[in-house]
There are 2 protein chains.
Amino acid sequence: MANQNREIPYKIYLEEQEMPRQWYNVRADMKNKPAPLLNPGTHQPMTAQELSAVFCDELVAQELDNEHRYIDIPQEIQDFYKMYRPSPLVRAYCLEKKLGTPAKIYYKFEGNNTSGSHKLNSAIAQAYYAKKQGLKGVTTETGAGQWGTALSMACAYMGLDCKVYMVKCSYEQKPFRREVMRTYGADVTPSPSETTQVGRKILAEHPGTTGSLGCAISEAVEVAVGTEGYRYVLGSVLNQVLLHQSIIGLETKAALDKYGVKPDIIIGCAGGGSNLGGLVAPFMGEKLRGEKDYRIIAVEPASCPSLTRGKFVYDFCDTGMVTPLAKMYTLGSNFIPSPNHAGGLRYHGMSAILSQLYHDGLMEATSVEQTSVFEAAEMFARVEGILPAPESSHAIRVAIDEAMKCKETGEEKTIVFGLTGTGYFDLVAYEKYNNGEMDDYIPTDEDLAVGFAGIPKFEGNEI
Amino acid sequence: MANQNREIPYKIYLEEQEMPRQWYNVRADMKNKPAPLLNPGTHQPMTAQELSAVFCDELVAQELDNEHRYIDIPQEIQDFYKMYRPSPLVRAYCLEKKLGTPAKIYYKFEGNNTSGSHKLNSAIAQAYYAKKQGLKGVTTETGAGQWGTALSMACAYMGLDCKVYMVKCSYEQKPFRREVMRTYGADVTPSPSETTQVGRKILAEHPGTTGSLGCAISEAVEVAVGTEGYRYVLGSVLNQVLLHQSIIGLETKAALDKYGVKPDIIIGCAGGGSNLGGLVAPFMGEKLRGEKDYRIIAVEPASCPSLTRGKFVYDFCDTGMVTPLAKMYTLGSNFIPSPNHAGGLRYHGMSAILSQLYHDGLMEATSVEQTSVFEAAEMFARVEGILPAPESSHAIRVAIDEAMKCKETGEEKTIVFGLTGTGYFDLVAYEKYNNGEMDDYIPTDEDLAVGFAGIPKFEGNEI
């Protein structure tokens with residue numbers, strides 16, 4: 001076995017000509033399609049026309065497309081991808097050695113670009129279609145800041161204006177994230193702000209508020225809808241985002257196929273689902289078509305357990321309750337997760353695609369606690385040399401746990417996980433961990449009941 | 001030409017089996033060898049025995065080796081290199097397009113590792129030899145923090161203790177750098193500190209001091225010499241460091257050779273010389289052997305212009321005047337550069353190897369001002385997607401300037417520059433630039449005279 005292992009390099013990079021030229025749309029292979037978005041007033045499926053007031057036309061088409069298995073990646077986006085892709089598929093030889101496991105561990109590392117995460121894969125696509133439509137700019141919200149940074153980079157490249165509403169506490173606590181966005185020419189506003197009706201209303205009602213993702217979404221949508229030549233863009237949850245992120249899984253599969261490796265277990269962290277949905281897409285496709293089988297594991301924080309403890313119902317995508325309704329595993333749009341340091345995983349809901357797949361038993365989900373995540377992060381950093389983002393480290397935790405099970409049983413399983421990004425802007429969290437000051441938090445059933453109470457009640461939407 | 005260009009991918013990665021297995025020692029090809037280090041008391045060349053009180057034995061041998069052209073890279077170091085190397089050689093298609101230049105621009109990007117720079121290339125080598133000698137740990141100083149981070153990572157991998165003396169103002173202003181080092185298990189002490197005699201002396205004399213690199217060096221050396229099983233390590237200036245950093249140039253040359261590309265101009269930023277010396281080494285070798293010719297340009301900040309305005313004499317390597325004397329271009333060991341944001345380039349002297357090569361007319365040097373550097377950095381970030389470190393951006397500035405000269409003349413020159421690292425921990429500087437609050441500073445002749453006055457005077461060391 002050792003010789004066979006040695007043939008696989010530490011890092012597998014695809015050649016430029018091996019890079020995917022099409023995204024893969026997993027919905028085409030799903031028997032049970034994800035439920036459509038509903039108009040919150042009429043409870044009827046949102047039409048393309050309704051959606052096009054908020055989103056670019058081409059992205060609306062992608063959002064609604066449950067049929068086409070492959071969608072061409074425009075040449076301009078392929079060219080941009082070449083600047084930072086293919087991302088490496090890394091064989092974690094050093095981690096395996098440290099654990100003393102017979103398991104073979106691989107990770108797809110998406111952090112080698114300035115936005116520091118996989119978010120750029122969809123940001124460039126959304127910016128491209130906005131530019132193609134002749135728009136002047138786009139608006140969005142950002143919490144932890146990875147999405148806002150990615151979108152700023154994409155807009156700088158495409159020559160689009162970019163207005164980012166950044167949750168006020170992040171804006172103040174993460175000034176460096178803000179400066180990266182400004183360096184890329186974005187207009188960054190702390191939310192809630194005086195620049196929108198909804199912002200002024202919230203500030204009047206809650207003068208000291210430090211903001212929330214839900215409020216920032218509301219402000220960004222208001223500005224997009226009310227400004228000539230603007231649309232709103234979003235970094236996760238939506239079907240279109242998972243489509244773009246399929247580039248992660250397609251590259252991973254191509255790299256593994258090149259060396260004749262078939263994974264047994266595929267692991268990804270899950271907040272809104274953009275990374276996990278992208279990583280697993282082509283593998284899930286084979287599973288859906290009955291060609292191959294894989295264990296697929298979603299990892300979420302114990303503090304925000306939408307898949308493992310949420311309800312599979314229609315709910316609002318934002319806490320302001322202005323967006324369409326999506327059928328998803330949700331903790332309720334007014335669920336307030338504890339201040340977990342994995343800001344990218346603090347979302348109350350989950351992608352409709354992943355929710356449906358989970359509901360149909362096609363993937364598993366598990367939740368992990370913060371301190372155990374940072375323990376895994378630190379071990380990983382020391383042996384593999386990469387300082388991981390807290391979000392990504394949820395997947396590391398479970399990959400290590402699965403590898404240790406292999407050590408017990410002696411099984412030589414092949415484990416692949418998604419390392420979504422780097423932790424350079426999360427060092428306040430690392431400092432807390434280094435100082436032994438990090439807490440865990442698991443919501444009680446009573447905490448969850450508060451969130452569930454906010455789920456809209458209408459016929460067919462029983463909890 | 002377009003077709004020929006297209007054949008070259010955006011990023012050239014060497015295959016694992018194409019990676020260099022030996023470092024290249026440019027001294028072997030120099031007719032005029034770099035002058036030896038002198039004992040500051042006797043003014044006699046430092047012996048191996050004298051140096052081995054401070055440095056590991058194997059590194060002392062490398063420091064003094066002017067003969068061997070190639071030195072094997074130990075397998076353990078090759079394995080570590082595989083975790084983050086080869087680094088990509090990037091064809092800057094987007095920058096070329098933005099500039100509208102016929103020049104072909106390439107950059108060797110060393111920032112894709114958690115230390116964020118090329119410093120890891122020598123850190124792992126120095127940690128390896130320390131471990132091999134059976135040492136317990138190493139000490140060092142760090143200013144901007146890239147070197148300290150790299151050494152922390154290397155020591156975590158090798159299982160060595162790592163004590164870092166971090167200039168106090170950096171320790172306080174860059175807490176995130178500190179936390180990365182702590183995450184890798186390093187013991188980080190703000191300097192000056194109460195932990196050393198020299199630190200206590202300085203604190204007594206200057207109670208409010210925020211420290212200096214020179215003081216941190218003195219503390220680190222004191223601890224290394226006075227602690228059983230410890231040695232001192234350094235991230236630049238020394239011959240051994242340039243030897244290890246030759247991996248940058250060797251990979252660059254292998255990647256260019258693969259596509260039949262011969263550069264006309266090679267550009268690197270220069271502080272102590274570790275990056276520039278490594279990048280240009282194999283090209284300089286060809287030049288020294290009369291095989292090929294290249295223009296080689298060192299870029300330094302106008303605020304700390306050791307090559308362009310310094311003296312080529314023996315001087316102390318630290319401001320505390322406790323180290324051996326090195327013959328180099330120097331501004332004087334008590335020269336205080338203005339608070340330029342390129343912390344890695346704020347060193348009063350320059351590698352003895354590069355100093356000799358410059359003195360012999362084998363390379364050029366130029367200096368650039370800070371605001372023009374950040375202007376180039378921002379343009380580069382927006383079109384090439386990478387947020388560069390301020391240090392690296394000095395090379396970007398001159399690469400752009402040379403490419404614009406090609407635009408005027410119509411010459412299709414091939415320009416290669418070193419992109420040494422990322423700017424994630426330099427966002428205070430970017431914020432100043434974004435806010436229009438950044439100043440330039442060029443020392444007057446009177447400022448320089450203060451530094452020159454501190455250069456030791458002895459027979460044969462005339463200024």
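Here the structure is a predicted model, which means the values were calculated and not measured.

(A) Spotlight on the interface of chain B and chain A. Contact residues are listed per partner, giving 43 residues for chain B and 43 residues for chain A. Summing both partners gives a buried area of about 4200 Å² for chain B against chain A, and 55% of it is carried by carbon and sulfur. Where chain B touches chain A, the interface holds two salt bridges. A salt bridge links Arg 178 of chain B to Glu 431 of chain A, with the shortest nitrogen-to-oxygen separation between them at 3.0 Å. The interface formed by chain B and chain A contains 24 residue pairs in polar contact (both at pLDDT 80 or more). Contributions of two or more residues to the side of chain B that touches chain A are made by helix H4 (75-84), helix H7 (146-158), helix H9 (175-183), helix H16 (370-384) and helix H18 (427-434) of chain B. Among the elements that make up the side of chain B that touches chain A, the one with the highest residue count is H9 of chain B (six residues). Taken together, the residues that form the side of chain B that touches chain A break down as 22 nonpolar, eight polar and 13 charged.

(B) The arrangement of the domain arrangement of chain A in detail. Residue and element names in this part refer to chain A. Once the domains are mapped, chain A shows domain 1 (24-71 + 118-232) and domain 2 (85-116 + 243-452). Centre-to-centre separation of domain 1 and domain 2, based on C-alpha positions: 23 Å. Every contact between the two is made by 44 residues of domain 1 and, on the other side, 47 residues of domain 2. A combined buried area of about 3500 Å² lies between domain 1 and domain 2, and 63% of that area is made up of carbon and sulfur atoms. The largest contributions to the domain 1 side of the interface with domain 2 come from Tyr 24, His 118 and Asn 121, which together make up 21% of the buried area. Taken together, domain 1 and domain 2 are joined by two salt bridges. Where Asp 29 meets Arg 289, a salt bridge forms, and the shortest distance between an N and an O atom there is 2.9 Å.

(C) Examining the relation of the copies chain B and chain A more closely. Rotating chain B by 180 degrees about the axis while translating it 0.0 Å along that axis superimposes it on chain A, leaving an RMSD of 0.0 Å. As the rotation angle and translation indicate, the two copies are arranged about a two-fold axis. The rotation axis passes nearest to the C-alpha of Asn 112 of chain B in chain B, at a distance of 3.1 Å. Comparing interface residues between copies, 100% of those in chain B also lie at the interface in chain A; the contact surface is shared.

(D) Quick look at helix H9 (residues 175-183) of chain A. Residue and element names in this part refer to chain A. Within H9, seven of the nine residues are buried, which leaves the element mostly enclosed by the surrounding structure. For H9, the complete set of buried residues consists of Phe 176, Arg 177, Arg 178, Glu 179, Val 180, Met 181 and Thr 183. One or two positions beyond H9, positive phi appears at Gly 185, with a value near 85 degrees.

(E) Spotlight on the pattern of salt bridges. Residues and elements named next belong to chain A. In the structure shown here, the tally under the stated rule is 60 salt bridges over all chains. A salt bridge links Lys 108 to Glu 251; the nearest nitrogen and oxygen atoms lie 2.7 Å apart. Taken as a pair, Lys 108 in strand S5 (residues 104-109) and Glu 251 in helix H12 (residues 239-258) lie far apart in primary sequence, 143 residues in all. Of the two residues, Lys 108 and Glu 251, neither departs from the other in class, the shared state being buried. Of the charged contacts, one joins Asp 161 and Lys 136 as a salt bridge, the two residues approaching to 2.8 Å between their closest N and O atoms. Note that Asp 161 is positioned in strand S7 (residues 161-167) and Lys 136 in the loop between helix H6 (120-132) and strand S6 (137-142), a separation of 25 residues in sequence.

About the thresholds
Residues numbered from 1 in each chain as written. Chains lettered and ligands numbered in written order. Predicted model: local features only at pLDDT ≥ 70, side-chain atom pairs only at ≥ 80, totals over all residues. Heavy atoms only, no water. Contact = heavy atoms within 4.5 Å. Buried area = accessible area lost by both parts, 1.4 Å probe. Salt bridge = Lys/Arg side-chain N within 4 Å of Asp/Glu carboxyl O. Polar contact = N/O pair within 3.5 Å; in protein donor to acceptor, adjacent residues only side chain to side chain. Helix = DSSP H or I, 4+ residues; strand = E, 2+ residues; numbered from the N terminus. Nonpolar A, V, L, I, M, F, W, Y, C, P; charged D, E, K, R; others polar. Domains from an automatic or database assignment. Least-squares fit on C-alpha atoms with pLDDT ≥ 70 in both. Buried < 20%, exposed > 50% of the residue type's maximum accessible area, 1.4 Å probe, protein only.

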